[in-house]
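Summary of the model geometry
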Amino acid sequence: MHTHGPIAIMSAMQDELQAVLDELPDAKVHHVAGRDFWRAHWEGHVVIAVLSRIGKVAAATTATVLAQHFGVRAILFTGVAGGIGAHVKVGDMVVGTHFMQHDMDASPLFPRHVLPLYGMDRFAADTQLRDCLLRAAHATVLELGECIHADARAEFNLDDVHVHPGLIVSGDRFVSTTAEGRALQTELPDALAVDMECAAVAQVCHDFGLPFGAVRSVSDRADDAAHGDFTRFVDEVASHYSVNVMARTLQLLPHA
Ligand code: SAH
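First things first, this report covers the structure right here in the doc. The model shown is predicted, which means the values in this text are computed figures rather than measured ones.

Some words on the overall build of the protein chain
For the protein chain, the count of helices and strands is eight helices and ten strands. For 256 residues, the compact-globule estimate of 2.2 N^0.38 gives 18 Å, and the C-alpha radius of gyration of the protein chain, at 17 Å, lies within 12% of that figure. Taken along its principal axes, the extent of the C-alpha atoms in the protein chain is 50 × 45 × 30 Å. Taking as baseline every contact in the protein chain between residues at least 6 positions apart, the subset at least 24 positions apart corresponds to 79%. Roughly 10,700 Å² of accessible area belongs to the protein chain as shown, and the carbon and sulfur atoms make up 54% of that amount.

Some points on the pairing of strand 10 (residues 212-220)
Across the nine residues of strand 10, nine count as buried, placing the element largely inside the fold. Of the pairings in the sheet, the one linking strand 6 (residues 93-101) to strand 10 comprises three bridges and is antiparallel in character. What sits directly across from Val 94, in strand 10, is Arg 216.

With respect to the site of the ligand
Residues in close proximity to the ligand total 18 residues, the closest being Val 80, Val 175, Met 196, Glu 197 and Asp 220. Within the side chain of Glu 197, an N or O atom sits 2.6 Å from an oxygen atom of the ligand. Protein coverage of the free-state accessible area of the ligand, which is 560 Å², stands at 82%. More than half of the atoms of the ligand fall within 2 Å of the grid points belonging to the largest pocket. Residues that form the shell around the ligand fall into these classes: eleven nonpolar, two polar and five charged.

Focus: the layout of surface pockets
Sizing a probe to match a water molecule and rolling it over the atoms shows the empty space that remains. What the largest pocket holds in volume is close to 200 Å³. What lines the largest pocket is a set of 18 residues, and nearest its centre among them are Val 80, Phe 174, Asp 195, Met 196 and Phe 230. Elements supplying a minimum of two residues to the lining of the largest pocket: strand 5 (74-83), strand 9 (191-195) and strand 10.

Topic: the side chain of Glu 16
Along the chain, the position of Glu 16 falls in helix 1 (residues 14-21). Sequence-distant contacts of Glu 16, defined by excluding residues within four places in its chain, comprise Ser 11, Thr 78, Gly 79, Val 80, Val 234, Ala 238, Ser 239 and Ser 242.

Examining the environment of Asp 159
Note on placement: Asp 159 falls in the loop between helix 5 (150-155) and strand 8 (163-170). Assessed through its relative accessible area of 71%, Asp 159 is described here as exposed.

What about the nonpolar core?
Leu 24, Trp 42, Leu 66, Ile 75, Phe 99, Val 201 and Phe 212 are the most contacted members of the largest nonpolar core, which has 85 residues in total. If we ignore the near neighbours within four places in the chain, the residues touching Phe 212 are Ile 75, Phe 77, Phe 99, Ala 125, Asp 126, Leu 129, Cys 198, Val 201, Ala 202 and Cys 205. If you look at the next biggest cluster of nonpolar residues, it comprises ten residues, including Met 100, Leu 188, Ala 191 and Val 194.

Thoughts on empty space enclosed by the protein
Using the criterion set out here, one finds one cavity of 30 Å³ or more in the structure. For the largest cavity, the full set of lining residues is Thr 78, Gly 79, Met 93, Val 215, Arg 216, Ser 217, Tyr 241, Ser 242 and Val 245. Taken together, the elements giving at least two residues each to the lining of the largest cavity come down to strand 5, strand 10 and helix 8 (230-252). Classifying every residue of the lining of the largest cavity by side-chain character gives four nonpolar, four polar and one charged.

Brief notes about the packing of helix 1 against helix 8
At a minimum axis distance of 9 Å, the contact between helix 1 and helix 8 shows a crossing angle of 45 degrees. In terms of orientation, helix 1 and helix 8 fall into the oblique class. Crossing of helix 1 over helix 8 shows right-handed handedness. Contacts between helix 1 and helix 8 involve Asp 15, Glu 16, Ala 19 and Val 20 from the former and Val 234, Asp 235, Ala 238, Ser 239, Ser 242 and Val 243 from the latter. The residue makeup of the contact of helix 1 with helix 8, split by class, is five nonpolar, two polar and three charged.

About the cut-offs
- Residues numbered from 1 in each chain as written.
- Predicted model: local features only at pLDDT ≥ 70, side-chain atom pairs only at ≥ 80, totals over all residues.
- Heavy atoms only, no water.
- Helix = DSSP H or I, 4+ residues; strand = E, 2+ residues; numbered from the N terminus.
- Rg over C-alpha atoms; globule rule 2.2 N^0.38 Å.
- Contact = heavy atoms within 4.5 Å.
- Areas by Shrake-Rupley, 256 points an atom, 1.4 Å probe, with all protein chains shown as cover.
- Buried < 20%, exposed > 50% of the residue type's maximum accessible area, 1.4 Å probe, protein only.
- Pairing = 2+ DSSP bridges.
- Near = heavy atom within 4 Å.
- Polar contact = N/O pair within 3.5 Å; in protein donor to acceptor, adjacent residues only side chain to side chain.
- 1 Å grid on protein atoms, 1.4 Å probe; cavity = no way out; pocket = protein on both sides within 12 Å on 5 of 7 lines; lining within 4 Å.
- Sits in = over half its atoms within 2 Å of the grid points.
- Nonpolar A, V, L, I, M, F, W, Y, C, P; charged D, E, K, R; others polar.
- Points joined across faces, edges and corners; volume = space filled by probe spheres on them.
- Core = buried A, V, L, I, M, F, W, Y, C linked by side-chain atoms within 4.5 Å.
- Axes fitted to C-alpha atoms, helices over the stretch in contact; angles between N-to-C directions.
- Parallel < 35°, antiparallel > 145°, perpendicular 65-115°, else oblique.
- Left-handed = near helix turned anticlockwise from the far one by under 90°.

So, in structure tokens, the structure goes:
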């Protein structure tokens, strides 16, 4: 990882970004490309917190601005995702080891999922960021009572929360039917979670030679019930995970 430049923290949802901003009293806003980028200090690092916006193109634009305009040295992503791995349940966390666009299909010119001209179908997380995120997520789970209210723990069955390292797949679709979730599972059996941004940000980071790491808390099972308590989950669980895991991750990372 480079030793200079801020560390970017991207969130997909406004509530999650707000929870992070609440920890950053000295945050100053910069407007670029229609987005608000918040520069601040957190755990001894200079950070830029920003909403990725939803979907691959929006997130890729945000990541490009972070790389080109703000000269960040790494990008961390925190957000919610649908759980598609068999053992991945609502309230668990998935730390990305690899990222793939599940809706990339340039066949028959290129094999299904392969990114034209990249010669591959997935990008790996930076190993240092991945390991810090894993340690941070495990520590958050061990002290869950500190960050999640007892009512929310009971409501979302958070008594047995697991952290899973593995493949996160992204596409421009909120997967909210059981049929679609199952089809994804069958097509990509090693995928643990589905979102709409991570693989796009991973590709931008690859292009700029930037380390990338992501943690997603599982808000739904990418099935017919996915719309359920999505907003309340983000508000009462995911936002608290985000703040806790990001703060702990920053503590583990070397200072510039
Ligand atoms: N119903 C929500 C939709 C937001 S889009 C709303 O009204 O606000 C969903 C966001 O959460 C995206 O940023 C995506 O990355 C993530 N996500 C959570 N569950 C998902 C799923 N089942 N499929 C795809 N993305 C999901």
